[in-house]
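Chain by chain, the residues:
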Amino acid sequence: MMIISGIVLLIGGIFALILPLLASLTATLIVGWTLILSGAFHFVEAYRQSEQRWWNIGFGLLLVLAGASFLFNPLSGMLSLTIVLGAVFFASGLMQLYLAWARRRTDMVWLLGLSGVLSVGLAVLIALNLFTAAATVPGIVLAIELISTGVALLFMRPDPRKTAENAKTTGEKIPV
């Protein structure tokens, strides 16, 4: 099942790279439905708990409204996602640059510094080309996630100890 999952994720990631606008729209709709579902869970929790009922109702309503805005106006949702991604890249890049500076006397710290420079650079590119980036960046980020997870699943190996235990209990021969 891991191999099949890996192949499906890898194919999905490749399609997302080929069609980043469609992947960005898909990511926006997934975020919208996730926000609505999270809001619904807060409503259920508000019904079950009387202590924090108003907090759960308020936060649930906020999540449902945010999710609905992503679904009913996906282009502005893509813009919102892109702004958040740009902020995450910027903050991550600054943190990596700080850590590289703090550990400047250790080996291979230059890779951390390079990663920080690239992250800040991506954030600046997103900020300077926000509307163009909104059409592609969420889809490309989704593609990278799908491809990296797909590759990881394809290269996972079963635990030999568990394979041996299963073979002992079922009487199968262990492949060498």
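Here we summarise the structure given alongside this text. (Residues numbered from 1 in each chain as written. Predicted model: local features only at pLDDT ≥ 70, side-chain atom pairs only at ≥ 80, totals over all residues. Heavy atoms only, no water.)

It is worth spelling out the packing of helix 2 (residues 20-48) against helix 3 (residues 53-72) at this point. The N-to-C vectors of helix 2 and helix 3 enclose an angle of 160°; their axes lie 7 Å apart at closest approach. Viewed along their axes, helix 2 and helix 3 adopt a mutual orientation that is roughly antiparallel. Helix-helix and strand crossings are classified by hand; for helix 2 and helix 3 the assignment is left-handed. (Axes fitted to C-alpha atoms, helices over the stretch in contact; angles between N-to-C directions. Helix = DSSP H or I, 4+ residues; strand = E, 2+ residues; numbered from the N terminus. Parallel < 35°, antiparallel > 145°, perpendicular 65-115°, else oblique. Left-handed = near helix turned anticlockwise from the far one by under 90°.)

Bringing a nonpolar patch on the surface into the picture now. On the surface, I3, I7, I11, I14, F15, I18, L19 and L22 cluster together to form a nonpolar patch covering roughly 770 Å² of accessible area. By the secondary structure assignment, I14 is in helix 1 (residues 2-18). The exposure class of I14 is partly exposed, given its relative accessible area of 43%. (Patch = residues over 30% accessible without salt bridge, like charges linked within 9 Å, V, L, I, M, F, W, Y side chains within 5 Å. Areas by Shrake-Rupley, 256 points an atom, 1.4 Å probe, with all protein chains shown as cover. Salt bridge = Lys/Arg side-chain N within 4 Å of Asp/Glu carboxyl O. Buried < 20%, exposed > 50% of the residue type's maximum accessible area, 1.4 Å probe, protein only.)

Before going further, it helps to examine the environment of I3. Mapped onto the elements of the fold, I3 is located in helix 1. Measuring from C-alpha to C-alpha, the distance between I3 and R157 comes to 9.8 Å, with 154 residues separating the pair along the chain.

Bringing the packing of helix 2 against helix 6 (residues 130-155) into the picture now. At a minimum axis separation of 7 Å, helix 2 and helix 6 run at an interaxial angle of 80°. Here helix 2 lies roughly perpendicular to helix 6, going by the angle between them. Contacts between helix 2 and helix 6 involve P20, L21, A23, S24 and A27 on the former and, on the latter, A134, A135, T136, V137, P138, G139, I140 and L142. Residue composition of the contact of helix 2 with helix 6, by class: 10 nonpolar, 3 polar and no charged. (Contact = heavy atoms within 4.5 Å. Nonpolar A, V, L, I, M, F, W, Y, C, P; charged D, E, K, R; others polar.)

By themselves, these figures tell us nothing about what the structure is for.
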